Amino acid sequence: MSAQQATSAKAAGGESSAVLEVSGLIKRYGDFTAVNAISFQISAGEIFGLLGPNGAGKTTTISVIATLLKAGGGSVSVSGHNARDDSMAVRKLIGLVPQDIGLYLRFSAWANLEFFGNLYGLWGRPLRQRIEEVLEIVGLTGSAKKPIVTKFSGGMKRRLNLAAGLLHKPRLLLLDEPTVGVDPQSRNRIFENITSLAKDDGTAILYTTHYVEEAEALCDRVAIIDGGEIVVCDEVPKLLAQMPGVAFTVELAEESVAFEASVAKQPGVSEITRVDGNGYRVVAEDQEQGLAALLATAREHQVTLAGLDIAKPNLEQLFLRLTGKALRD
Amino acid sequence: MVAFWAVVRKELRLLSSDPATFVLLFIMPFVLVAVLSTALEPLVTGRPELTVSVIDLDDSEASQQLVTRLDATDGLAVTSLDWSEADATDDHIYDLFGDGERFSALVIPAGYAEGGRQTLALFGDPARASYVEAVREQLTAIVAVDELAELLVSVVIEETGATAAEARESVSRAALSAGEAAGDELRTVVVSERDTFPSAFEQTVPGFAVMFGLFVAFALAINLSLEKEETKTWARTLAAPISQPALVLARVGVYALLGVAQLLLMLVLGWAIWGMELGSAPIALVLTIVCWSFVAAAFGTLVASLLNNTAAIAATISISVIVFGAFGGALIPIAFLPDWMQPLARATPQFWAVDAIQELIVRGRGFGDVLPQLGVLLAFAAAFLAIALRPRTAVE
Ligand SMILES: Nc1ncnc2c1ncn2[C@@H]1O[C@H](COP(=O)(O)OP(=O)(O)OP(=O)(O)O)[C@@H](O)[C@H]1O
Ligand SMILES: [Mg+2]
């Protein structure tokens, strides 16, 4: 699929273009409900983030989609094939990159890729070519023939782990925290390639992570998941727009008793708290109003601003606001 | 099909980088079979020579005659102890047994000449009950024959009026010629297509080979369980479009092949080292081995599908090797098992495998004679696989 087709498929929206459709999915382990009635869709060419803390139910969700676990309720379908009734068809369409390394450590990288390629019916020359391609994607071309994967560094194993899920050009790629322990340079390269898989090849991508930066940078849409439930799900800019306002931190050059009370009275300022010394945290409804209020008050009271920071809203703050918990402990 | 062969190659590749499995499958069983078969050789081929210490306190003509008779008996060696009446206390006699060389002692008390066999006393080492029992049986038979002879002598005297010496002479002559005649007629008829009796190794090695052939199940189940526990390759494989039966059959095939190699090696080494004959139907023998190896691999698959931790799997299969080996007549020949156990033997696949191999090696039969056994073995393998592949809900 070309980039244009992918974009148009995405733009068209609606039921027909959804590669993955999860609706009302429930998964229990005994009495414990790990995933509680979650629903979402991913279209061709879309990178969908599942952002949540440890134990949120991300891996469980992926396992059900990958037909490794059977749903306790609700349904999963991939390109119209139901994961429960038609699991073989679903398996052909998906590529799974498990959270833990799914590789034979006693084999070479090449032998690993050959085996997983074979499982998808690839062999001979097309397979060899494809292996070269995915090694290129993850930047392991030089290391493929190293005798055994045990000798790889943690980050190299992760990259090979990712490569093994790409061999058969899946229509839906399930990436379960694929970049943990990967160095920034390799991570950027992987991001570029994931983006290209989506935008150029039209692959639908489900990407789980507990890094907000990754979700914001990579994903078109993000669902925030906590305790097995989707708290909120939307395009990243729209999620960020949900934040109540903009937070500033202000540092005054000298002490000013009147400053705090005066800022609080300005229009658009919802909150001011003294942080430490002459520092304050100010929350305003929007950036312009907040800035105007701060500058006007400073001029009025003849105080000099020693520092001013605008804390851009991010998903971490959104998570905190919605769940009352920090995303990372 | 590509996926099937990929799993086969993957398993072979995993095995080739795993020396532990090779030791388990090829070296351990061979060492065990060698040790056990050598140890059991005397038990299987014939009775060990029985030795009895004799304490003759009577010192009469009759008692000396008895000792001579015992000494002359095949398979029974006599050591006479020159003890006085005072020496022959129970405690002193028991002391004889402590050194592990003497296990039985016959006391011929003063007054044996008059009192007859009822006065004899056999002492035995309780740690060697079966040995003592064998000695007792021998003694009883000899004494009974002697008494019968005495009876005959008295009948001869009564009927013919001969002197005692003459009567004895004629009875023993009659007994001798009767024995010779019997010796002529009692040929040993070996119920076998072979012309020789099987050697000890030919009798014990098939059973042990079958018993330890179950190590294939051990290797398969443990390696599978480790793969599930240690890496996520399993998740990856299950998420790929390969069917469960293909996945299972590929693995079973590889391990069955290992089992065939293991058993063939064992038999060939048995032939080379102990001169075992391997029968006259090599193809039937190989097919039997193939069937048994499939059963073993299928059994490993079954256990791995029922239990989900490596330690439990290892314990279950180790116990199965011994228990099914014993019940199936692989560890101990069926004939030695108690009556109640014998019908149960048929419920184990081991029985059918040992039976088939014995038909071929020990009794020299051919392919047609072992078809039923092979059928039963394949049925076992199919049943194990069917249970292992039963539909399950949550995987992992
Ligand atoms: N096999 C299992 N049996 C019982 N409970 C389980 C099982 N697997 C997962 N859970 C529980 O289900 C919940 C969700 O687990 P899951 O692995 O899906 O979380 P996650 O979002 O992937 O977390 P992480 O970021 O740590 O990978 C957790 O509370 C976990 O303890
Ligand atoms: Mg997880």
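The structure contained in this document is the topic of the report that follows.

### Quick look at the overall build of chain B
Then, in step 1: Within chain B one finds 16 helices and 4 strands.
Then, in step 2: Scaling as 2.2 N^0.38, a compact globule of 396 residues should have a C-alpha radius of gyration of about 21 Å, whereas chain B reaches 30 Å, well beyond that.
Then, in step 3: When the backbone C-alpha atoms are referred to their principal axes, chain B occupies close to 100 × 50 × 35 Å.
Then, in step 4: Per-residue burial over chain B gives 44% buried out of 396 residues.
Then, in step 5: Taking the contacts inside chain B whose residues are at least 6 apart along the sequence as the reference set, 73% of them involve residues at least 24 apart.
Then, in step 6: Only carbon and sulfur atoms are counted for the fraction: they give 63% of the accessible area of chain B, which is about 19900 Å².
Then, in step 7: Taken as two groups, the 22 positive and 44 negative side-chain charges of chain B have centres that lie 22 Å from each other.

### What to know about the interface of chain B and chain A
Then, in step 1: Each partner contributes residues to the interface: chain B has 27 residues there, and chain A has 33 residues.
Then, in step 2: Both faces combined, the contact of chain B with chain A buries some 2600 Å², and carbon together with sulfur accounts for 65% of it.
Then, in step 3: Interface area lost by chain B to chain A is led by B:R236, B:A239 and B:P241, which between them contribute 29%.
Then, in step 4: Applying the counting criterion to the chain B and chain A interface returns 1 salt bridge.
Then, in step 5: A salt bridge links A:E114 to B:R13, with the nearest nitrogen and oxygen atoms 3.5 Å apart.
Then, in step 6: Our count for the chain B to chain A interface comes out at 10 residue pairs in polar contact (both at pLDDT 80 or more).
Then, in step 7: Put simply, the parts of the chain that give the side of chain B that touches chain A at least two residues each are α1 (2-16) and α10 (233-238) of chain B.
Then, in step 8: With 8 residues, α1(B) is the largest single contributor of residues to the side of chain B that touches chain A.
Then, in step 9: Residues of the side of chain B that touches chain A, tallied by class, amount to 13 nonpolar, 6 polar and 8 charged.

### A look at the pattern of salt bridges
Then, in step 1: Taken as a whole and assessed by the stated rule, the structure comprises 12 salt bridges over all chains.
Then, in step 2: Note that A:R221 is salt-bridged to A:E46, the shortest N-O span being 2.5 Å. With A:R221 in strand β9 (residues 221-226) and A:E46 in the loop between β2 (32-43) and β3 (47-51), this residue pair connects regions lying 175 residues apart in the sequence.
Then, in step 3: Connected via shared salt-bridge partners are B:K10, B:E11, B:E227 and B:R251.

### Considering the coordination of the magnesium ion (ligand 2)
Think of it this way: four donors in a tetrahedron around the metal ideally sit 109.5 degrees apart, and six in an octahedron ideally sit 90 or 180 degrees apart.
Residues and elements named next belong to chain A.
Then, in step 1: Coordination of the magnesium ion (ligand 2) by the protein involves T59 (OG1) and Q99 (OE1), with metal-donor separations of 1.8 to 2.1 Å. Of this pair, T59 sits in helix α2 (residues 58-65) while Q99 sits in the loop between β6 (94-97) and α4 (109-119), placing them 40 residues apart in sequence.
Then, in step 2: For T59, a relative accessible area of 32% corresponds to the partly exposed category.

### Notes on the sheet that holds strand β3 (residues 104-108) of chain B
Residue and element names in this part refer to chain B.
Then, in step 1: Reading across the sheet, the 4 strands line up as β2-β1-β3-β4 and stay open at both edges, with mixed pairing between neighbours. Single-partner strands in this sheet number two, and they are β2 (76-81) and β4 (121-124). Strand-to-strand, the axes of this sheet are offset by a mean angle of 25 degrees, without reference to chain direction.
Then, in step 2: As paired elements, strand β1 (residues 50-56) and β3 share 4 bridges and run parallel to each other.

### Describing the site of ligand 1
All names here are of chain A.
Then, in step 1: Neighbouring ligand 1 are 13 residues; G55, K58, T59, T60 and Q99 lie closest to it.
Then, in step 2: In the environment of ligand 1, an oxygen atom lies 3.0 Å from a nitrogen or oxygen atom belonging to the side chain of N54.
Then, in step 3: Note that an oxygen atom of ligand 1 is positioned 2.8 Å from one of the backbone N or O atoms of G55.
Then, in step 4: Considered on its own, ligand 1 offers 630 Å² of accessible surface; in the complex 62% of this is hidden by protein.
Then, in step 5: Among the elements of the structure, β2 and α2 are those that each provide at least two residues to the shell around ligand 1.
Then, in step 6: Tallying contributions element by element places α2 first for the shell around ligand 1, with 3 residues.

### Things to note about helix α16 (residues 367-388) of chain B
Residues and elements named next belong to chain B.
Then, in step 1: Compared with an ideal rise of 1.5 Å per residue, which puts 22 residues at 32 Å, α16 spans 30 Å between its outermost C-alpha atoms and is within 8% of the ideal.
Then, in step 2: For α16, the principal kink sits at Q373 and spans about 30 degrees.
Then, in step 3: What α16 keeps buried is the set V370, Q373, L374, L377, F380, A381, F384, L385 and A388.
Then, in step 4: Against α11 (244-274), α12 (282-306) and α15 (349-361) lie the buried residues of α16.

### A look at the sheet that holds strand β14 (residues 305-311) of chain A
Residues and elements named next belong to chain A.
Then, in step 1: Taking strand neighbours across the sheet as the criterion, the 4 strands line up as β12-β13-β11-β14 in an open arrangement whose pairing is antiparallel. One side of each edge strand has no neighbouring strand; the edge strands of this open sheet are β12 (269-274) and β14. On average, each strand axis in the sheet is tilted by 20 degrees relative to the strand beside it, whichever way the strands run.

The rules behind the values
Residues numbered from 1 in each chain as written. Chains lettered and ligands numbered in written order. Predicted model: local features only at pLDDT ≥ 70, side-chain atom pairs only at ≥ 80, totals over all residues. Heavy atoms only, no water. Helix = DSSP H or I, 4+ residues; strand = E, 2+ residues; numbered from the N terminus. Rg over C-alpha atoms; globule rule 2.2 N^0.38 Å. Buried < 20%, exposed > 50% of the residue type's maximum accessible area, 1.4 Å probe, protein only. Contact = heavy atoms within 4.5 Å. Areas by Shrake-Rupley, 256 points an atom, 1.4 Å probe, with all protein chains shown as cover. Lys, Arg positive; Asp, Glu negative; His and termini not counted. Charge placed at Lys NZ, Arg CZ, Asp CG, Glu CD. Buried area = accessible area lost by both parts, 1.4 Å probe. Salt bridge = Lys/Arg side-chain N within 4 Å of Asp/Glu carboxyl O. Polar contact = N/O pair within 3.5 Å; in protein donor to acceptor, adjacent residues only side chain to side chain. Nonpolar A, V, L, I, M, F, W, Y, C, P; charged D, E, K, R; others polar. Donors = N, O, S within 2.8 Å, 3.2 Å for Na, K, Ca; no water. Pairing = 2+ DSSP bridges. Axes fitted to C-alpha atoms, helices over the stretch in contact; angles between N-to-C directions. Near = heavy atom within 4 Å. Expected span 1.5 Å × (residues − 1). Bend = angle between axes of the 7 residues up to and from the residue.

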